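Take a look at the letters that make up each chain.
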Amino acid sequence: MIKKRLLAPVLIMLMLCMLSGCFFSFPLDHMDKIEGDITCDFRAGEDASHWQETVNTDAVFDKDRFVELFNEFNKYDPAFYKDHLDKLDLRIVREDQFDEYEEMAASEVNFRAYFTDKNGNEVCRNVSVFRYESKMYFFILCMGGGRNPELKGYYYKEVPADMVSYWEPIYEKVLADKAADRKAQYGSFTVDKTFSFDNQYYAKCMPLSTDMMEIQIFDRDEDLICEFQPCRTWDFWGICWEKDTYNIWVQSSDIGCVCYKKIGNEWVEDKTAVKPDYITGRHG
């Protein structure tokens, strides 16, 4: 009886809210207090949450602050906000703001916690934050053109200031440690997405199921221009563009540093090329 008595007032309140323009965003997920210890790890860079590779850092975070951050992020249901875009804080239209989009994508740091829940299950939870013009954001949703091209864009919600004050130093340390570790491992080379000197092209490294590393070259319109497979994945040590040409160098443990030169819309191995002194490899 009690449940039936409560149901009617709740339904009436919901109806009134809907008629008055008041709407709710229900959390997608929610974490309770974590009992026991956690293990922290970090991923950084574009699509960081999908990477297996972690940043070599001694940074750590408090489990209660992580629960707070996780629950804050999960308050923002994309299904709700696609109809309430005005309640979000930042919109970036990739086609009109290419550099801003790339800056935001590259700024991602993914915080991940591993722990044992109260039922004895091993659990992993993660949250990504982004930074743009000194502010930190959660990514909420992407709107395509469709019937409303004026709404197209990537939408973000600003992280509350009290959370930023805790997480920003950790965020900074993770990025600094990533940069230092990558320089030690690869020199001028990188395994991340990297742009040509004039930003007309970018290259991505894609491990294949055949155990070969594929280098994919795209233009600014996201069109795949060329792909080549210079070496085996386990030998691969990164790529590097020259600073004033479209030459791209591949570093590998078995073949050393090899240049691929743009000829038409293909990148072809150039065995006569000499590596510029400003490009440093893993061994010089």
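See the structure above.
In short, a report on the structure. Residue positions are given per chain, counting from 1 as you read along its sequence in written order. Two thresholds apply to this predicted model, a pLDDT of at least 70 for residue-level local features and 80 or more for giving and counting side-chain atom pairs, whereas whole-chain, interface and lining totals are computed over all residues. Calculated side-chain values reflect all of the structure's heavy atoms, with hydrogen atoms and water omitted.

### A word on the pattern of salt bridges
Where side chains of opposite charge bring their charged atoms close, a pairing between them can arise. Salt bridges are defined as contacts in which a side-chain nitrogen from Lys or Arg sits within 4 Å of a carboxyl oxygen from Asp or Glu. In total, this model carries 16 salt bridges according to the counting rule given. Close ionic contact of Arg-65 with Glu-68 constitutes a salt bridge, the shortest N to O distance being 3.0 Å. Here Arg-65 pairs with Glu-68, and both are found in helix α2 (residues 63-73), just 3 residues apart, close to one helical turn. Per-residue accessibility, obtained with a 1.4 Å probe over protein chains only, is compared with the maximum for each type, and a residue is labelled buried under 20%, exposed over 50%, and partly exposed between these values. Owing to a relative accessible area of 25%, Arg-65 belongs among the partly exposed residues under this scheme. Lys-193 serves as the salt-bridge partner of Glu-102, at 3.2 Å between the closest nitrogen and oxygen. By definition, any uninterrupted DSSP run of H or I lasting at least four residues is a helix, any uninterrupted run of E lasting at least two residues is a strand, and each is numbered from the N terminus.

### As for the sheet that holds strand β4 (residues 122-132)
Across a sheet, strands are paired by hydrogen bonds formed along the backbone, either parallel or antiparallel in direction. If you walk across this open sheet you meet the 6 strands as β1-β3-β4-β5-β6-β2, and the pairing is antiparallel. Each end of this open sheet is capped by a strand with a single partner; those strands are β1 (39-44) and β2 (90-92). Taking the axes of each pair of neighbouring strands and ignoring which way they run, one obtains an average angle of 35° across the sheet. The pairing criterion is simple: DSSP has to find at least two bridges between the two strands. Lines are fitted to the C-alpha atoms to define the axes, a helix being fitted only along its stretch in contact, and any angle between axes, read from their N-to-C directions, falls within 0 to 180 degrees.

### Topic: the pairing of β4
Two faces make up the sheet, and in a regular strand the side chains alternate between them. Bridge analysis of strand β3 (residues 109-116) against β4 gives 8 bridges, and the strand direction is antiparallel. For Val-109, the partnering residue across the bridge sits in β4 and is Val-129. Between the end of β3 and the start of β4, which pair antiparallel, lie 5 residues, with Gly-120 showing a positive phi angle near 85°. Pairing geometry for β4 and strand β5 (residues 135-143), over 3 bridges, is antiparallel. Bridging from a neighbouring strand, Arg-131 pairs with Met-136 of β5. Adjacent in sequence and paired antiparallel, β4 and β5 are bridged by 2 residues, among which Glu-133 carries a positive phi angle near 50°.

### Here we look at the nonpolar core
Counting residues in each nonpolar core, the largest one holds 37 residues, and the members touching the most others are Phe-61, Phe-66, Leu-69 and Phe-111. If you list the elements that add at least two residues to this core, you get β1, α2, α3 (78-81), β3, β4, β5 and α5 (161-186). Of the residues forming this core, the biggest block, 6 residues, is contributed by α5. Residue contacts follow a heavy-atom distance rule, with two residues in contact if any of their heavy atoms lie within 4.5 Å. Once residues within four sequence positions are removed from consideration, Phe-61 is found in contact with Ile-38, Cys-40, Phe-42, Phe-66, Phe-111, Arg-112, Ala-113, Tyr-166, Trp-167 and Ile-170. Ranked by size, the runner-up nonpolar core spans 17 residues in total, among them Ala-203, Met-213, Phe-228 and Phe-236. Put simply, buried Ala, Val, Leu, Ile, Met, Phe, Trp, Tyr and Cys residues joined by side-chain atoms within 4.5 Å make one nonpolar core.

### Let's talk about the packing of α2 against α5
Relative to each other, α2 and α5 sit at 130°, their axes nearing to 11 Å. In terms of orientation, α2 lies oblique with respect to α5. The way α2 lies across α5 gives a crossing that is left-handed. Residues Arg-65, Phe-66, Glu-68, Leu-69 and Glu-72 of α2 touch α5, and the partners they reach there are Asp-162, Met-163, Tyr-166 and Trp-167. For this classification, under 35 degrees means roughly parallel, over 145 means roughly antiparallel, 65 to 115 means roughly perpendicular, and everything else is oblique. Working rule for handedness: look at the near helix, and if it is turned counterclockwise from the far one by less than a right angle, call the crossing left-handed; if clockwise, right-handed.

### Digging into the sheet that holds strand β12 (residues 248-252)
One open sheet accounts for 4 strands, arranged β11-β12-β13-β14; its pairing is antiparallel. With partners counted over all chains shown, the strands left at the sheet margins are β11 (236-241) and β14 (266-269), one partner each. Direction aside, neighbouring strands of the sheet carry axes that sit 25° apart on average.

### Description of the side chain of Thr-194
Tracing the chain through its elements places Thr-194 in strand β7 (residues 194-195). Leaving out residues up to four positions away in the same chain, Thr-194 has contacts with Tyr-201, Tyr-202, Ala-203, Ile-239 and Trp-241.

### Description of unusual backbone geometry
Even without being glycine, Asn-199 reaches a positive phi, approximately 65°. For Asn-199, the position within the fold is in the loop between β7 and β8 (201-207). Residues other than glycine seldom take positive phi values, yet Asp-211 does so here, at roughly 70°. Mapped onto the fold, Asp-211 is located in the loop between β8 and β9 (212-219). Taking relative accessible area as the criterion, Asp-211 reaches 40% and is therefore assigned partly exposed.

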